[in-house]
Amino acid sequence: MITNEYGIHTFSLKLQCKYSEIQNIIEQNECICTGKGKLRLSPYYQIPQFKEIGVEIHLSQSVSRPCWLILIVNPSSLLAGTYEPTALFQADKESVQQVKHRLRNILDKIGIDRRLKEFRLSRCDLTCNLYYERKADVQDRLDIFKKSFPIPHYNTVKFGQYANSDEQFKGTNKHSWTIENKSKSCAFSVYDKSYELEKRH
């Protein structure tokens, strides 16, 4: 083991919107449709424009359920102005204000005049990076966690276990391990970040 780092890797902000608000955002921006939902009546979209600086923007639109705007933010990348997938954010008063200011600029650019205070923090990944010299060492550590006794009131969660087929998630589940409490309000994950970055980015 070479070194370790602590900090925030990613956080998500969620805002419930009206159907018309989501429609206006879609019409004003370059969006990618990522799914149609059940009966093809609940489309999902992404705005890819800011992904290279660490901000993913997801939109869900439905006539029968709440509509959502979700920001998935890698704050280190946002502050650097370039994608830094392994950097961890160290929060202090000044850096938090800079993140808020840059997110406000992005919201203005895509035509959202809602205040940041209206967004709800829906996820925050508090992360410890551990670096190993050999790839085999990473898998050994993962195997130790997978064989360990679970924390009381937590269950092991696999990617794709709620999907129709988990075939596409076999690689992900081999390189990761996650437990989640019964209320689904807290989860702990251990995963091979190199594998995740290669596949996702």
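Throughout this document, residue positions are counted from 1 along each chain, in the order its sequence is written. Residues qualify for local features only when their pLDDT is at least 70, as the model is predicted, and side-chain atom pairs are given and counted only at 80 or more; totals for whole chains, interfaces and linings, by contrast, use all residues. For the side-chain quantities, the full set of heavy atoms in the structure was used; hydrogens and water were omitted.

*Asks:* How should I be thinking about the overall build of the protein chain in this particular structure?
*Replies:* Regarding its fold elements, the protein chain presents 6 helices and 9 strands. Buried residues are those whose accessible area, probed at 1.4 Å on protein chains only, stays under 20% of the maximum for their type, while exposed residues exceed 50% and partly exposed ones sit between those limits. Across the 201 residues that make up the protein chain, the buried fraction comes to 35%. Contacts were defined at the residue level, with two residues in contact if any of their heavy atoms lie within 4.5 Å. For the protein chain, restricting intrachain contacts to residue pairs at least 6 apart in sequence, the fraction spanning at least 24 positions comes to 58%. For the purposes of this entry, the term helix denotes a DSSP run of H or I that reaches at least four residues, the term strand denotes a run of E that reaches at least two, and both are numbered from the N terminus.

*Asks:* Explanation requested: the pairing of strand S5 (residues 67-73) in the structure shown.
*Replies:* For a regular strand, side-chain orientation follows a simple rule: the groups alternate between the two sheet faces. With 6 of 7 residues buried, S5 is to be regarded as a mostly interior element. From the end of strand S4 (residues 55-60) to the start of S5, which pair antiparallel, there are 6 residues. Strands pair, by our definition, only if DSSP identifies at least two bridges between them.

*Asks:* I keep staring at helix H3 (residues 93-109) and nothing clicks. Help me out?
*Replies:* One turn of the α-helix equals 3.6 residues, which is why residues spaced by three or four share an orientation. Given a rise of 1.5 Å per residue, 17 residues ought to cover 24 Å, and the 25 Å separating the end C-alpha atoms of H3 matches this to within 8%. Within the span of H3, buried status applies to Ser 95, Val 99, Leu 103, Ile 106 and Leu 107. An end-on view of H3 places all buried positions within 115° of arc, on one side of the element. The exposed set on the far side of H3, more than 90 degrees from its buried face, consists of Lys 93, Glu 94, His 101 and Lys 109. The N-capping residue of H3, defined by a side-chain oxygen 3.2 Å from the backbone nitrogen of Glu 94, is Asp 92. Positive phi appears at Gly 111, one or two residues downstream of H3, with a value of about 85°. For a helix, the expected span equals 1.5 Å multiplied by the residue count minus one. When we speak of the arc, we mean the arc of directions from the helix axis to the C-beta atoms. Any pair of nitrogen or oxygen atoms within 3.5 Å is treated as a polar contact; in protein, a donor-acceptor pairing is required on top of that, and neighbouring residues in sequence qualify only through side-chain atoms on both sides.

*Asks:* Would you explain the nonpolar core in this entry?
*Replies:* A general feature of soluble globular proteins is that nonpolar side chains tend to end up buried together. In this structure, Val 55, Ile 57, Leu 59, Leu 69, Leu 71, Leu 103 and Phe 119 are the most contacted members of the largest nonpolar core, which totals 28 residues. Listing elements by their share of this core, those giving two or more residues are strand S1 (4-17), helix H1 (19-28), strand S3 (44-47), S4, S5 and H3. It is S1 that provides the largest number of residues to this core, a total of 5 residues. In this description, a nonpolar core means a group of buried Ala, Val, Leu, Ile, Met, Phe, Trp, Tyr and Cys residues linked to one another through side-chain atoms lying within 4.5 Å.

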